[in-house]
Amino acid sequence: MSTFRRREVDDWLRRALPGRCLFCLGVSQDSRPWCEACLAALPWNRTACPRCGEPQPGQAVGRVCGHCLRHPPAFDRTRVALRYEDEVAILLQRFKFHASPRAGAVLLALLEVGCRPMSGQAPQALLAVPLHPHRAHQRGFDQGRWLAERLAARQAIPLLRAQRHRDTPSQRGLDRRRRRGNLRGAFSVTGPLPARVALLDDVMTTGATLDALARACRRAGAEQIEAWAVARTPLESP
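Residues numbered from 1 in each chain as written. Predicted model: local features only at pLDDT ≥ 70, side-chain atom pairs only at ≥ 80, totals over all residues. Heavy atoms only, no water.

(A) Spotlight on the packing of helix 4 (residues 86-98) against helix 5 (residues 101-114). The interhelical angle for the contact between helix 4 and helix 5, taken along N-to-C directions, is 125°, at an axis separation of 8 Å. In terms of orientation, helix 4 lies oblique with respect to helix 5. Where helix 4 crosses over helix 5, the handedness of that crossing is left-handed. Mapping the contact onto sequence places Leu91, Leu92, Arg94 and Phe95 in helix 4 and Ala103, Gly104, Val106 and Leu107 in helix 5. When the residues that make up the contact of helix 4 with helix 5 are grouped by side-chain class, the tally is 6 nonpolar, 1 polar and 1 charged. (Axes fitted to C-alpha atoms, helices over the stretch in contact; angles between N-to-C directions. Helix = DSSP H or I, 4+ residues; strand = E, 2+ residues; numbered from the N terminus. Parallel < 35°, antiparallel > 145°, perpendicular 65-115°, else oblique. Left-handed = near helix turned anticlockwise from the far one by under 90°. Contact = heavy atoms within 4.5 Å. Nonpolar A, V, L, I, M, F, W, Y, C, P; charged D, E, K, R; others polar.)

Below is the structure:
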């Protein structure tokens, strides 16, 4: 059987067999769509910079990375559950480009698992990184909004909207400085915002998009800002 055909069969089996692990098709853990072994084997982002969430060497646990020391982002803390690798990358691609609600539901559950416990005071509002209306119309699906609506309901956090005024070119292949320039003035938020807010994106690369949105939130009155994401790209990724 070809690799492509095998993947099609596996995908069908995962949809057709409730109570089975999404990753290995074994018996799932309680009512969750994964088994204990597969959950433990996922690329959790446990050794990360607490400020920007960038994966760090094991001995650097809890340390702010050099980039954040030199150029602190506009948000105060990052909570990002996983690294953008392997099965996590496949799930995110299915969710983002094929609008798979099953993939989205699994990613949302993993986000909640990876971001516990949310210590300190809970945010008073949640904002998703918005797509430009033209991009949302082209794609027919706003993955950030989809996640934010469900997370806000589960966490009992008010969901507010930000506006994206420019359909910015792709960030792919740009360094940190050029990404920041690409997004300058791209967002606005109608204030006043509460003091504590959280911003949500599906994938965090350099953090430039969340930084630009955080700056708009600061202008609208936010004082403590957290950046949340399902996954963070590893150090070696662009």
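(B) Spatial organisation of helix 9 (residues 208-219). Its 12 residues give helix 9 an end-to-end C-alpha distance of 17 Å, which sits within 8% of 16 Å, the value for a rise of 1.5 Å per residue. Extensive coverage of helix 9 is indicated by the burial of 9 of its 12 residues. Among the residues of helix 9, Ala208, Thr209, Leu210, Asp211, Ala212, Leu213, Ala214, Ala216 and Cys217 are the ones counted as buried. Downstream of helix 9 by one or two residues, Gly221 has phi in the positive range, about 110°. (Expected span 1.5 Å × (residues − 1). Buried < 20%, exposed > 50% of the residue type's maximum accessible area, 1.4 Å probe, protein only.)

(C) Region of interest: the sheet that holds strand 6 (residues 196-204). Taken in spatial order, the 5 strands line up as 1-7-6-2-3 in an open sheet, and their pairing is parallel. Here the strands that pair on one side only, and so sit at the sheet edges, are strand 1 (77-83) and strand 3 (159-160). Relative to strand 6, helix 9 is tilted by about 160°, and along the sheet it contacts strand 2 (125-128), strand 6 and strand 7 (224-232). (Pairing = 2+ DSSP bridges.)

(D) Region of interest: the side chain of Thr206. Structurally, Thr206 can be placed in the loop between strand 6 and helix 9. The class for Thr206 is buried, based on a relative accessible area of 16%. Here the side chain of Thr206 touches Ala208 through a polar contact of 3.3 Å, landing on its backbone nitrogen. (Polar contact = N/O pair within 3.5 Å; in protein donor to acceptor, adjacent residues only side chain to side chain.)

(E) Representation of the environment of Ser100. Tracing the backbone shows Ser100 in the loop between helix 4 and helix 5. For the pair Ser100 and Gln143, spaced 43 residues apart in sequence, the C-alpha separation works out to 9.9 Å. In contact with Ser100, other than residues within four places in its own chain, are Arg94 and Phe95. Within the structure, the side chain of Ser100 is placed 3.1 Å from the backbone nitrogen of Ala103, a separation counted as a polar contact.

(F) Here's a closer look at unusual backbone geometry. Note that the residue after Gly191, namely Pro192, is joined by a cis bond; omega there is 0°. Its identity is not glycine, yet Asp86 carries a phi of approximately 50°, on the positive side. Relative to the assigned elements, Asp86 resides in helix 4. The phi angle at Ala156 is positive, at roughly 55°, despite the residue not being glycine. Here Ala156 lies in the loop between helix 7 (143-155) and strand 3. For Ala156, a relative accessible area of 67% translates into the label exposed.

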